[in-house]
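The residues making up each chain are set out below.
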Amino acid sequence: MPPLSKNIAHVRERIDSAARRAGREPQGVTLMAITKTVSPDRIREAYDAGIRVFGENRVQEFAAKRGALGDLLDADWHMVGHLQSNKAHAAAELFHAIDSVDSVRLLQRLNSAAKALGKTLPVLIEINIGGEAAKSGTAPESGELEEMLNFAGQCGSIAIRGLMAVPPYDDDPEKSRPYFRQMAVLFERIAARQFAGVSMQTLSMGMSHDFEVAIEEGSTCVRVGTAIFGERARPRPKD
Ligand SMILES: *Cc1c(COP(=O)(O)O)cnc(C)c1O
């Protein structure tokens, strides 16, 4: 088996065991392959190995790769990185979904862009669950979050589908557990309030080093880069 297929098979096995440990159906967890810094050839290999949901974190990088990936028609491309409002239109055009919406302003921009493009754009609200200054995301108990949820009903071209979070990094995945648990509580609380234009379907949390713990705490989508493609060369400057 080629190395990438082997990595993917191994990640899927770990997803399945974590789901079963938690008494959940493995099919309830989507594996999203994070392909930032990964070349189109390698992305194609992952597609050939069965991956159909991909995540990128920069608009420009994906725009540059998109042409080479144009025939991977049934794949879903998600934006998972911080998005500036001035790139909302480009992002709405390029991606099937934006998983990192963290302000009313960005929600408005994306709604206008999606409307102009004649499509409905599924989005997730990104929550800064660790309250880290250096990270994007809306604070969990903030007025901004309330405003976004209340505003959703007026966004005819946006569908809020859930939440995403990246907890503070720690080598020990158990350190992420309390954050994942808080996310699951927030997720259920919002679902129970039944906001117009909001349907809580996706709780996106868990990366290469902590996705099993995330699944045990209720994640429905894990975003895995390194465990599939290996270590990334080096962090790129933000655009
Ligand atoms: C890079 C990235 C990931 C994947 O991280 P790995 O540790 O390589 O699995 C997941 N989510 C987001 C938002 C990312 O930027």
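Everything here concerns the structure above.
Residues numbered from 1 in each chain as written. Predicted model: local features only at pLDDT ≥ 70, side-chain atom pairs only at ≥ 80, totals over all residues. Heavy atoms only, no water.

Chemist: Could you clarify how one ought to interpret the pairing of strand E7 (residues 198-204) in this entry?
Modeler: Both faces of the sheet carry side chains from a regular strand, because those side chains alternate between them. Where strand E6 (residues 158-165) meets E7, 4 bridges bridge the pair, whose relative direction is parallel. Bridging from a neighbouring strand, Met 164 pairs with Ser 204 of E7. In the classification by handedness, the crossover that spans E6, the intervening helix H7 (residues 177-193) and the parallel E7 is right-handed. (Pairing = 2+ DSSP bridges. Helix = DSSP H or I, 4+ residues; strand = E, 2+ residues; numbered from the N terminus. Right-handed = clockwise from strand over helix to strand, strands pointing away.)

Chemist: Would you take a moment to explain the environment of Trp 77 for this structure?
Modeler: Topologically, Trp 77 is positioned in strand E3 (residues 76-79). For Trp 77, a relative accessible area of 1% puts it in the buried group. Beyond its immediate stretch of four places on either side in the chain, Trp 77 contacts Ile 43, Phe 54, Phe 62, Arg 66, Leu 69, Leu 72, Phe 95, His 96 and Ala 97. (Buried < 20%, exposed > 50% of the residue type's maximum accessible area, 1.4 Å probe, protein only. Contact = heavy atoms within 4.5 Å.)

Chemist: Help me understand the site of the ligand, please; the structure alone is not making it clear to me.
Modeler: For the ligand, the full set of nearby residues is Ile 34, Lys 36, Val 80, Met 207, Ser 208, Arg 223, Val 224, Gly 225, Thr 226 and Arg 232. At 2.9 Å, a side-chain N or O of Arg 223 approaches a nitrogen atom of the ligand. In isolation the ligand offers 390 Å² of accessible surface; the protein chains occlude 89% of this area. For the shell around the ligand, a count of residues per class yields 4 nonpolar, 3 polar and 3 charged. (Near = heavy atom within 4 Å. Polar contact = N/O pair within 3.5 Å; in protein donor to acceptor, adjacent residues only side chain to side chain. Areas by Shrake-Rupley, 256 points an atom, 1.4 Å probe, with all protein chains shown as cover. Nonpolar A, V, L, I, M, F, W, Y, C, P; charged D, E, K, R; others polar.)

Chemist: I'm lost on the pattern of salt bridges in this one. Help?
Modeler: Side chains that carry opposite charge are capable of pairing whenever their charged atoms lie near each other. All told, the structure shown has 15 salt bridges when counted by the stated rule. A salt bridge links Asp 71 to Arg 44, with the nearest nitrogen and oxygen atoms 3.0 Å apart. On the criterion of sequence distance, the pair formed by Asp 71 in the loop between helix H3 (59-69) and E3 and Arg 44 in helix H2 (residues 40-48) is long-range, its members being 27 residues apart. Arg 44 sits in the partly exposed class, given a relative accessible area of 26%. It is possible to trace a salt-bridge network through shared partners that takes in Arg 21, Glu 174, Arg 177, Arg 181, Glu 216 and Glu 217. (Salt bridge = Lys/Arg side-chain N within 4 Å of Asp/Glu carboxyl O.)

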